[in-house]
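Residue-level structural notes
One letter stands for each residue in the lines below.
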Amino acid sequence: MQKNTFRFKNILLSAGLAGLAVLAGCSSTPNKAPVEARDIKGGAAKPSNPVPVPSTPTPEVKPLPGAENAGKPGYYTVKPGDNLIRIAIDNGQSTRDLIKWNALENPNRIEVGQVLRVLAPGVDAAAVTTKSVPAAKVESRPLDAKATSTAGAASAASATTASASASASAAAAVRDNDDDPVWGWPAAGAVNVGFDEQRNKGLAFYGKAGDAVLAAADGRVVYAGSGLRGYGNLVIIKHNSTYLTAYAHNQTLLVKEDQAVRKGQKIAEMGSSDADQVKLHFEVRKQGKPIDPAKLLPGR
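Scoring rules and cut-offs
Residues numbered from 1 in each chain as written. Predicted model: local features only at pLDDT ≥ 70, side-chain atom pairs only at ≥ 80, totals over all residues. Heavy atoms only, no water. Buried < 20%, exposed > 50% of the residue type's maximum accessible area, 1.4 Å probe, protein only. Helix = DSSP H or I, 4+ residues; strand = E, 2+ residues; numbered from the N terminus. Pairing = 2+ DSSP bridges. pLDDT = per-residue confidence, 0-100. Contact = heavy atoms within 4.5 Å.

Concerning the pairing of strand E10 (residues 279–286)
Here E10 lies mainly inside the structure; 8 of its 8 residues are buried. Residues of E10 alternate between two faces, with Lys 279, His 281, Glu 283 and Arg 285 on one and Leu 280, Phe 282, Val 284 and Lys 286 on the opposite face, all of them buried. Here 4 bridges tie strand E3 (residues 203–206) to E10, and the two strands are oriented antiparallel to one another. By the bridge assignment, Tyr 206 is partnered in E10 with Lys 279. Relative to E10, strand E7 (residues 243–253) is paired through 6 bridges, and the arrangement is antiparallel. Its bridge partner being in E10, Leu 244 is matched across the sheet by Arg 285. Hairpin connection, E10 to strand E11 (residues 289–291): the antiparallel pair is bridged by 2 residues, and Gln 287 has positive phi, about 50 degrees.

So, in structure tokens, the structure goes:
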């Protein structure tokens, strides 16, 4: 009996030691398998706090000046290659007026797409109509043998009339109106190249350097300079709200902007600036559109 009891204790002791050995083996795992967290769909789990990626702010696009008036009568949208002088002459206005009407701080910096007012504030663009060009009036008088007997009286009357005419002409030169100007020739020579709406928007007078260039009618100088490509030293005269004239390729300018001039007054000397020879290029613009000056100039 005692012997059996001793054997049973040895069996229990052996079993206990074996269990401890198994537990010790399980608790010491020197090479653990990597553990990867996965979401419920089997993919890798996203970080709980992702790092925000800064977004690039969209630059604010500011509308160009006057954009709200695009397409309206009396306004002009700037196109590539435009400058203020070209826009002014094409719309029959002065650069000074365009600067004032549009509050331009720097007239040399206008942007493509910018919209400019090209009619004076308060003017109804729909009411601006193109007037017909009147035919030149030719007045003939018969010779009178008795006319010589009144030559003295006529001469005195002529002097009085000339003085009054000069005063009236000077006043008319700075006044905007719709009356047709009294035209005169801008140069003494013959017309060498006629008007062609596609190739030559005026008349060309050939001459020699220094020949006189004359104002074709009373008016006010709205431009005197060389800022319009292809025209050289240029004078532009505004005669009223309808007509202006341009005198190009001069060697010397004798007038300045905002100066009143009278018909026949010497305003420049003929030259070859921005041209292949000495000549005067003369244009008449009616509401900004070039017309044939030969239809306006009197007979010689």
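Here we look at the confidence of the model for the chain
With 66% of its residues at a pLDDT of 70 or more, the chain has an overall mean of 77. Per-residue pLDDT stays below 50 along residues 20–24; that stretch engages in 0 contacts with residues further than four places along the chain or on separate chains. Low pLDDT, under 50, characterises residues 129–175; the predicted model gives this stretch 28 contacts beyond four residues in sequence or across chains.

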